[in-house]
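# Coordinate analysis (summary)
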Amino acid sequence: MDKDINIKVRVWRQHGPKEKGRFETYSLEKVSQSASILEMLDILNEKLVNEDKEPVAYDHDCREGICGMCSLYINGHPHGPDTAITTCQLHMRNFNDGDTITIEPWRSAGFPVIRDLMVDRTAFDKIIQAGGYVTVNTGGTPDANAIPIAKEKADASMDAASCIGCGACVAACKNGSAMLFVSAKVSQFALLPQGRVEAKKRAKSMLAKMDELGFGNCTNTRQCEMECPKSVSIINIARLNREFLKAKGAD
Ligand code: SF4
Ligand code: FES
């Protein structure tokens, strides 16, 4: 049964992108284990505001695991120590009375810190703009089943499309690679007939943008797959590599 617990929260504080950051530790009493970690941060911020102190800046939006905004590194893991969930789905019942919880922003050259726990993930938007869409005229909405697609392909495409663009894969990777993200965005289209037309071009353009923006490459350590809240598989990276090789062959 959930209890009220006393905890310490060690939070990264940084006034701006160019400022030096530091950890600050705060004590919170009687936090319900039914609260989410974001609700715990709300309680902390209320306390800080009441004490005339600056609240902690952090990103969030849907609070139900679908928007990918809640990008926090908690006790050494992107989205916290639990698996296959986002930060907003992490509850205080994962922690015990007397625990110290360390919360940091994503650490990656591709995601510079804006303030405290907020990072700039515009780089992902730029990668999508480089090719993560379908531009060919696909006509009006076809009747259901007018274009037959094998179930395995439709399932694999849907699995890739579950990527919410949170950036945990980059934060988890020792190379700061965005390959899992890019591979999911390439695969969701490459597996479907409508997306095949531009598949090679898409793989090439998105990878070129990823390199240009300073993300590293993949060395198959699989940390991205382990920390991804949507369990996106590195099978997608293999598919991306094949699409890229085909694109190079077509040059
Ligand atoms: S692949 Fe997973 S970890 Fe990476 S951005 Fe998508 S959902 Fe987040
Ligand atoms: S706040 Fe939207 S996924 Fe967490």
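This report concerns the structure included in the present document. (Residues numbered from 1 in each chain as written. Chains lettered and ligands numbered in written order. Predicted model: local features only at pLDDT ≥ 70, side-chain atom pairs only at ≥ 80, totals over all residues. Heavy atoms only, no water.)

## A short note on the overall build of the protein
A tally of helices and strands in the protein yields nine helices and seven strands. Seen along its three principal axes, the alpha-carbon backbone of the protein occupies a region of about 60 × 40 × 35 Å. With 251 residues in all, the protein has 45% of them scored as buried. Put simply, the protein shows about 12,800 Å² of open surface, and 50% of that area lies on carbon and sulfur atoms. In the protein, the 32 positive side-chain charges and the 32 negative ones have mean positions that sit 7 Å from each other. (Helix = DSSP H or I, 4+ residues; strand = E, 2+ residues; numbered from the N terminus. Buried < 20%, exposed > 50% of the residue type's maximum accessible area, 1.4 Å probe, protein only. Areas by Shrake-Rupley, 256 points an atom, 1.4 Å probe, with all protein chains shown as cover. Lys, Arg positive; Asp, Glu negative; His and termini not counted. Charge placed at Lys NZ, Arg CZ, Asp CG, Glu CD.)

## A look at the site of ligand 1
Residues in contact with ligand 1, as listed here, are F124, C163, I164, G165, C166, G167, A168, C169, L180, F181, C228 and P229. Put simply, the parts of the chain that give the shell around ligand 1 at least two residues each are α4 (168-172) and α5 (179-190). Residue composition of the shell around ligand 1, by class: ten nonpolar, two polar and no charged. (Near = heavy atom within 4 Å. Nonpolar A, V, L, I, M, F, W, Y, C, P; charged D, E, K, R; others polar.)

## Side note on the environment of D4
Relative to the assigned elements, D4 resides in strand β1 (residues 4-13). D4 sits 88 residues away from M92 along the chain, and the two C-alpha atoms are 9.4 Å apart. If we skip the residues at most four places from it in the chain, D4 touches K30, V31 and S32. (Contact = heavy atoms within 4.5 Å.)

## Quick word on the pairing of β1
As a general feature of sheets, a regular strand has side chains that alternate between the two faces. By the bridge criterion, nine bridges tie β1 to strand β2 (residues 22-32) in an arrangement that is antiparallel. Bridge pairing links D4 to S32 in β2. Judged from the four bridges that link them, β1 and strand β5 (residues 100-105) form a sheet pairing that is parallel. Bridge pairing links V9 to I101 in β5. (Pairing = 2+ DSSP bridges.)

## Describing the nonpolar core
The tendency in soluble globular proteins is for nonpolar side chains to be buried side by side. Judged by nonpolar contacts, the single largest core of 35 residues is most densely connected at F124, I127, L180, V182, M210 and F215. Elements supplying a minimum of two residues to this core: α2 (122-129), α4, α5, α7 (199-212) and α9 (235-250). Of the residues forming this core, the biggest block, seven residues, is contributed by α5. Ranked by size, the runner-up nonpolar core spans 28 residues in total, among them I5, V9, L41 and I103. (Core = buried A, V, L, I, M, F, W, Y, C linked by side-chain atoms within 4.5 Å.)

## Comments concerning α5
Taking 1.5 Å as the rise per residue, α5 with twelve residues should run 16 Å; its terminal C-alpha atoms sit 15 Å apart, in good agreement. Most of α5 is tucked away: twelve of the twelve residues are buried. The complete set of buried residues in α5 reads M179, L180, F181, V182, S183, A184, K185, V186, S187, Q188, F189 and A190. (Expected span 1.5 Å × (residues − 1).)

## So, the packing of aromatic side chains
On inspection of all chains with the given rule, the structure shows six aromatic pairs. Measuring from centroid to centroid gives 6.3 Å for Y73 and W106, while their planes differ by 90°, and the two rings are edge-to-face. With a gap of 33 residues between them, Y73 in strand β3 (residues 72-74) and W106 in the loop between β5 and β6 (113-115) connect regions that are remote in the sequence. Ring plane angle 80° and centroid distance 5.2 Å describe the contact between F111 and F124, whose orientation is recorded as edge-to-face. Of the two residues, F111 is situated in the loop between β5 and β6 and F124 in helix α2; the sequence distance between them amounts to 13 residues. Here F111 and F124 have matching classes, each one buried. Among the aromatic side chains, those forming a connected cluster through ring pairs are F111, F124, F181 and F215. Taking the ring centre of F23 as reference, the NZ or CZ of R10 above it sits at 3.9 Å. Of note, R107 hangs over the ring of W12, and the distance from its end group to the ring centre comes to 4.2 Å. (Phe/Tyr/Trp six-rings, centres within 6.5 Å; stacked < 30°, edge-to-face > 60°. Lys NZ or Arg CZ within 6 Å of the ring centre and 35° of its normal.)

## With respect to the packing of α2 against α7
With their axes 8 Å apart at the nearest point, α2 and α7 run at an angle of 150° to one another. Classified by the angle their axes make, α2 and α7 are roughly antiparallel. Seen along the crossing, α2 lies across α7 with a hand that is right-handed. On the side of α2, the interface is formed by K126, I127 and I128, while α7 contributes M206, K209 and M210. Residue composition of the contact of α2 with α7, grouped by class: four nonpolar, no polar and two charged. (Axes fitted to C-alpha atoms, helices over the stretch in contact; angles between N-to-C directions. Parallel < 35°, antiparallel > 145°, perpendicular 65-115°, else oblique. Left-handed = near helix turned anticlockwise from the far one by under 90°.)

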